[in-house]
Amino acid sequence: MLKNLPCTMIFEFTEIINNIFKFNYFPKAWKTAVVVPILKPGKDPTQPENYRPISLLSTLSKLTENFILDKLNEKLAKNEILCPEQFGFRKSLTTTYQLVRVVEYITSGFEKGECTGAVFLDVEKAFDRVWIQGLIHKLIKYKTPPPFTAASKILNRREKIRS
C-alpha cells in the first residue's frame, strides 16, 4: 500500500520520520499494539504459556522501526561494536550461516584429528530478560545517537510499569 502512494505522501512520511529522529519523539499511537494470542502447535489451549503473543503494530511504526534499525546497525558496524560472531538480527548474516560456520569448524578439527567441544544455549524469553539499565549504559558508552538512547529509556519506563 505504501509503495503505491503518491510521491507527495511519501515525502510527508519521510518528513515525519526525520522529525522523530530530530525531536526524539515516537508517537504514542505508533507504540500501541493489538496483541493476538496464537496457540503453539500441539499444546494445551487451557495453559496461557502455550500461546505465542503476536503484536500487530501500525505499518508506519514498523517502517520507522526499520529506519531506526538501519541507522543503529550502521553505527554499530562503523564503530565495530558487534563481535564478528554475532549473526542473528544482522543483514546478510543469518543464523543458518552461523550454523554452516560451526559445522566447517568442527569438520576442519575432525580432519586434523582434533576434538571439538561446543556449548549451545537456548535462553528462554531472552528478550524479556534484557537488563535495560545496562543496555542504556552501553548505548551511552558507545556514543550512540540520542534517539536510540531515548528509545531504551522508554523501554525502561515500560519495564518499571510492568513490575
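Being a predicted model, the structure only gives us computed values, none of them experimental.

**Student:** Mind showing me how you'd approach the overall build of the chain here?
**Tutor:** If you tally the helices and strands in the chain, you get 6 helices and 2 strands. Taking all 163 residues of the chain together, the buried fraction comes to 17%. Taking contacts inside the chain between residues at least 6 apart in sequence as the whole, the part at least 24 apart equals 39%. Total accessible area on the chain stands at roughly 13500 Å², and carbon and sulfur atoms take up 61% of it.

**Student:** Just to check I follow, could you spell out helix α1 (residues 7-23) for this structure?
**Tutor:** Since the α-helix packs 3.6 residues into each turn, any two residues three or four apart lie on the same face. The end-to-end C-alpha distance of α1 is 24 Å, a good match for the 24 Å that 17 residues give at a rise of 1.5 Å each. Listed as buried for α1 are F13, I17, I20 and F21. For α1, the angular spread of the buried residues around the axis is 95 degrees, confining them to a single face. Residues of α1 that are exposed and point over 90 degrees away from its buried face: C7, T8, F11, K22 and F23. Remark: N24 follows α1 within two positions and exhibits a positive phi of approximately 55 degrees.

**Student:** Whenever I open this one, the confidence of the model for the chain confuses me. Can you help?
**Tutor:** One rule of thumb: low pLDDT means the predicted coordinates there are not for detailed reading. Summing up the model confidence of the chain, the mean pLDDT is 81 and the portion of residues at 70 or higher is 87%. Put simply, helix α6 (residues 146-162) is where the chain has its lowest mean pLDDT, 55, and strand β1 (residues 34-39) is where it has its highest, 92. Every residue in residues 158-163 scores below 50 in pLDDT, and together they form 2 contacts with partners more than four places removed in sequence or on other chains.

**Student:** Honestly, the side chain of S61 in this entry has me stumped. Any pointers?
**Tutor:** Its location among the elements puts S61 in helix α3 (residues 59-78). On the basis of relative accessibility, which here comes to 0%, the residue S61 falls in the buried class. Every residue in contact with S61, bar those within four places of it in the chain, is listed here: F26 and W30.

**Student:** How should I be thinking about unusual backbone geometry in this particular structure?
**Tutor:** Trans is the common state for peptide bonds, and a negative phi is the common state for residues other than glycine. With a phi angle near 50 degrees, E80 is a residue other than glycine that sits in the positive phi range. In this structure, E80 sits in the loop between α3 and α4 (95-111).

**Student:** Is there a simple way to think about α4 in this case?
**Tutor:** For α4, spanning 17 residues, the distance from its first C-alpha to its last is 24 Å, which sits close to the expected 24 Å at 1.5 Å a residue. G113, located one to two residues past α4, shows a positive phi value of around 80 degrees.

**Student:** Could you clarify how one ought to interpret the side chain of N50 in this entry?
**Tutor:** Mapped onto the elements, N50 comes out in the loop between β1 and β2 (51-56). Other than its neighbours up to four places away in sequence, N50 contacts I38, L39, K40, K43 and D44.

**Student:** What's the story with the packing of α1 against α3 in this structure? I'm lost.
**Tutor:** Between two packed helices, what matters for the description is the angle formed by their axes and the separation of those axes. With their axes 11 Å apart at the nearest point, α1 and α3 run at an angle of 55 degrees to one another. Between α1 and α3, the interaxial angle falls into the category oblique. Crossing of α1 over α3 shows right-handed handedness. Seen from α1, the contacting residues are F13, I17, I20 and F21; seen from α3, they are L60, L63, T64, F67, I68 and K71. Grouping the constituent residues of the contact of α1 with α3 by class yields 8 nonpolar, 1 polar and 1 charged.

Rules used in this analysis
Residues numbered from 1 in each chain as written. Predicted model: local features only at pLDDT ≥ 70, side-chain atom pairs only at ≥ 80, totals over all residues. Heavy atoms only, no water. Helix = DSSP H or I, 4+ residues; strand = E, 2+ residues; numbered from the N terminus. Buried < 20%, exposed > 50% of the residue type's maximum accessible area, 1.4 Å probe, protein only. Contact = heavy atoms within 4.5 Å. Areas by Shrake-Rupley, 256 points an atom, 1.4 Å probe, with all protein chains shown as cover. Expected span 1.5 Å × (residues − 1). Arc of directions from axis to C-beta. pLDDT = per-residue confidence, 0-100. Axes fitted to C-alpha atoms, helices over the stretch in contact; angles between N-to-C directions. Parallel < 35°, antiparallel > 145°, perpendicular 65-115°, else oblique. Left-handed = near helix turned anticlockwise from the far one by under 90°. Nonpolar A, V, L, I, M, F, W, Y, C, P; charged D, E, K, R; others polar.

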